[in-house]
Amino acid sequence: MALKGLDIFKLTPKTNCKECGSPTCMAFAMKVAQGAVDIAKCPHMSDDALATLSEATAPPMKTIKVGTGEAEYTLGGETVLFRHEKTYVSKSRYAVSVSCCEENMDAKLEAAKAVDYDRIGERMHVEMLYLDYCGDCDAAGYAEFVKKAAESGKTLVLGCTNVDAAKAALDVCKDSKPILDGADASNYEAMSKLAAEAGVVLGVRGGDINELYDTVAAIEKLGNKNLVLNVGTASIKDAFATTVQIRRAALKNTDRTFGYPSIVNVGKLAPGDAAMQAALASLFTVKYGSVIVMESMNYAQALPLYGLRQNVFTDPQKPMKVEPGIYALNGADENSVCLTTVDFALTYFVVSGELERSGVPCNLVISDAGGLSVLTAWAAGKLSSTSVSKFIIENVEPKVKSRKLIIPGKVAVLKGDIEAKLPGWEVIVAPNEAVQLVKFLKDMQANGEI
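Residues numbered from 1 in each chain as written. Predicted model: local features only at pLDDT ≥ 70, side-chain atom pairs only at ≥ 80, totals over all residues. Heavy atoms only, no water.

K.L.:
What exactly am I supposed to notice about the environment of Cys160 here?
P.N.:
Assignment of secondary structure puts Cys160 in the loop between strand 7 (155–159) and helix 6 (163–173). A relative accessible area of 1% means that Cys160 is categorised as buried. The spatial distance from the C-alpha of Cys160 to the C-alpha of Asp181 is 6.2 Å, given a sequence separation of 21 residues. (Helix = DSSP H or I, 4+ residues; strand = E, 2+ residues; numbered from the N terminus. Buried < 20%, exposed > 50% of the residue type's maximum accessible area, 1.4 Å probe, protein only.)

Printed below as a string of structure tokens:
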């Protein structure tokens, strides 16, 4: 059961040293109880108190790390059932399944690299490979297949219930910290020992949710709590029910036996049906798949799916922003005209898209406006003549020779003040709507104004 603020306060050193960032130990204890601050922030907490509090204040769902380097991902650690309550912590990760006995294995491994693009500063790509052991090849053959897949640099999930094949595969890939998804009621002791010795996460499965629960409990008794839960492929209904019940049991009932991330194999729930797999991947992105496995991934599936994930796994209390800076478009250089707008992601992508469509070289200047839209930022004082001129002087003038600045039409009122604060600059007011920028810039270019 979670501790209250007063319970936590009793274990603090009560020095009110402020080194944790809070004015008093009581304030710190209240923040820890709310989940706003980690208990380790207190530098004077005793080891015994830390051990007691770390266990009591840990999220009901365990945080699991898989992969290494740039391919390291965090799964689990969730604290709420619904995004509007607070925020989701660890985004769903997408995997493509490949079987060791597939004839087009090489082509499928290569195709998994095809989807790779950036959206609002985040890389969108297939993050994992789910490597199925079909049983037709021997342990050495599966290990060779895994070794080839490991060359992709993606995080691996070994879908293998055969202990010998799993051992051979781990011998060639354990350093990359894969998931060994192969423990069930018949082999969990051997699989748990294998995963523990290799230092990798163990995937657990069961014939139904009750068997899954019992198997997880038995593995925990062996001392292994580095787990993910495979929700099964009996049917779409069962997989969905199991995924939701696992999350509810962990978060609402604080049952830590089910407090682990999940694996959902939509490729096996809807084999051969790419459209249904995309729909199911969307469903389990929201409810509550940690690793979602598909048969393949193309741009038609990826674009809406990754967009959904990015929207779901952002803090609803924090707007989506792009980094402030100078974005050179259409081959712009230091002599190209400058345009400015806010850092709200939607505004940036709408404006930059129209600027790119115009074909006119220009420097898009983005200053910190709190992630708000143009009029909202202006009304809140985040977009002002002072903020714009200060950013131009500090960040643009040392890099850009052009002294023409185009500002959004909806804040035309700022034109005079900006010119007064930026001597030598000509401030031009753009149209009110981004869609009008193409004609506006082309006309200016034709008239020799830029």
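So, next bit.
K.L.:
How should the nonpolar core be read in this particular structure?
P.N.:
In summary, soluble globular proteins display a tendency toward joint burial of nonpolar side chains. Core analysis: the biggest nonpolar cluster contains 60 residues, and Leu131, Tyr142, Val146, Leu158, Leu180, Met297 and Tyr306 have the highest contact counts within it. Considering every element that reaches this core, the biggest residue donor is helix 6, with 5 residues. Of all hydrophobic cores here, the second largest spans 21 residues; its members include Leu329, Tyr348, Val351 and Leu364. (Core = buried A, V, L, I, M, F, W, Y, C linked by side-chain atoms within 4.5 Å.)

K.L.:
What am I meant to see in the pairing of strand 12 (residues 291–294) here?
P.N.:
Burial along strand 12 is two-sided: the residues Val291 and Val293 and Ile292 and Met294 are all buried. As defined by bridge partners, strand 11 (residues 262–265) adjoins strand 12 across 3 bridges and the pair is classed as parallel. Counterpart to Asn265 in the pairing with strand 12 is Val293. (Pairing = 2+ DSSP bridges.)

K.L.:
What is the right way to look at a negative patch on the surface in this model?
P.N.:
Together, Asp208, Glu211, Asp214 and Asp238 make up a region of like negative charge exposed at the surface. In this structure, Asp238 sits in helix 9 (residues 236–251). A relative accessible area of 40% means that Asp238 is categorised as partly exposed. (Patch = residues over 30% accessible without salt bridge, like charges linked within 9 Å, V, L, I, M, F, W, Y side chains within 5 Å. Areas by Shrake-Rupley, 256 points an atom, 1.4 Å probe, with all protein chains shown as cover. Salt bridge = Lys/Arg side-chain N within 4 Å of Asp/Glu carboxyl O. Lys, Arg positive; Asp, Glu negative; His and termini not counted. Charge placed at Lys NZ, Arg CZ, Asp CG, Glu CD.)

K.L.:
Got a minute to help me understand the sheet that holds strand 13 (residues 325–329) in this structure?
P.N.:
The strands making up a sheet associate through hydrogen bonds between their backbones, and the pairing can be parallel or antiparallel. Strand order in the open sheet formed by 5 strands is 13-15-14-16-17, and the pairing between neighbours is mixed. Two strands bound the open sheet, and with one partner strand each, they are strand 13 and strand 17 (426–429). Averaged over all adjacent pairs, the angle separating strand axes in this sheet is 30°, with direction ignored. With 4 bridges joining them, strand 16 (residues 404–407) and strand 17 adopt parallel strand pairing. Looking across to strand 17, one finds that Leu405 is bridged to Val427. Its contacts with the sheet put helix 15 (residues 385–396) on strand 13, strand 14 (337–341), strand 15 (362–366) and strand 16, and the angle it makes with strand 15 is roughly 120°. (Axes fitted to C-alpha atoms, helices over the stretch in contact; angles between N-to-C directions. Contact = heavy atoms within 4.5 Å.)

K.L.:
Before we go on, may I ask you to explain the side chain of Ser352 in this structure?
P.N.:
Among the secondary structure elements, Ser352 is positioned in helix 13 (residues 345–358). Among all residues touching Ser352, those that are not within four sequence positions of it are Leu329 and Leu364.

K.L.:
Got a minute to help me understand the pattern of salt bridges in this structure?
P.N.:
Opposite charge on two side chains permits pairing when their charged atoms draw close. On inspection of all chains with the given rule, the structure shows 17 salt bridges. With a shortest N-O distance of 2.7 Å, Lys91 and Glu122 are connected by a salt bridge. With Lys91 in the loop between strand 2 (73–76) and strand 3 (93–99) and Glu122 in strand 5 (residues 122–125), this residue pair connects regions lying 31 residues apart in the sequence. By relative accessible area, Glu122 is classed as buried at 17%. Among the ionic pairs, Glu334 bridges to Lys401, the shortest N-O distance being 3.2 Å. Residue Glu334 is found in the loop between strand 13 and strand 14, and its partner Lys401 is found in the loop between helix 15 and strand 16; the two are separated by 67 residues along the sequence. What makes Lys401 exposed here is its relative accessible area of 55%.

K.L.:
Quick question: what am I supposed to make of the pairing of strand 8 (residues 179–183) here?
P.N.:
Taken residue by residue, a regular strand's side chains alternate between the two faces of the sheet. In terms of burial, strand 8 is largely enclosed, as 5 of its 5 residues are buried. Of the pairings in the sheet, the one linking strand 7 to strand 8 comprises 3 bridges and is parallel in character. When the sheet's bridge partners are listed, Gly159 is paired in strand 8 with Asp181. The parallel pair strand 7 and strand 8 is bridged by helix 6, and the resulting crossover is right-handed. Strand direction decides the pairing type here: strand 8 and strand 9 (residues 201–204), joined by 4 bridges, are parallel. In the sheet register, Asp181 faces strand 9, and the bridge partner there is Gly203. Since strand 8 and strand 9 lie parallel, the crossover through helix 7 (residues 188–198) that links them has a hand, and here it is right-handed. (Right-handed = clockwise from strand over helix to strand, strands pointing away.)

K.L.:
Where do I start with the packing of helix 6 against helix 7 in this structure?
P.N.:
Between two packed helices, the angle of one axis relative to the other and the distance separating the axes together describe the packing. For the pair helix 6 and helix 7, interaxial distance at closest approach is 10 Å and the crossing angle is 5°. The angle between helix 6 and helix 7 falls in the class roughly parallel. Here helix 6 contributes Val163, Ala166, Lys167 and Leu170 to the contact with helix 7, which in turn contributes Ala190, Met191, Leu194 and Ala198. When the residues that make up the contact of helix 6 with helix 7 are grouped by side-chain class, the tally is 7 nonpolar, no polar and 1 charged. (Parallel < 35°, antiparallel > 145°, perpendicular 65-115°, else oblique. Nonpolar A, V, L, I, M, F, W, Y, C, P; charged D, E, K, R; others polar.)

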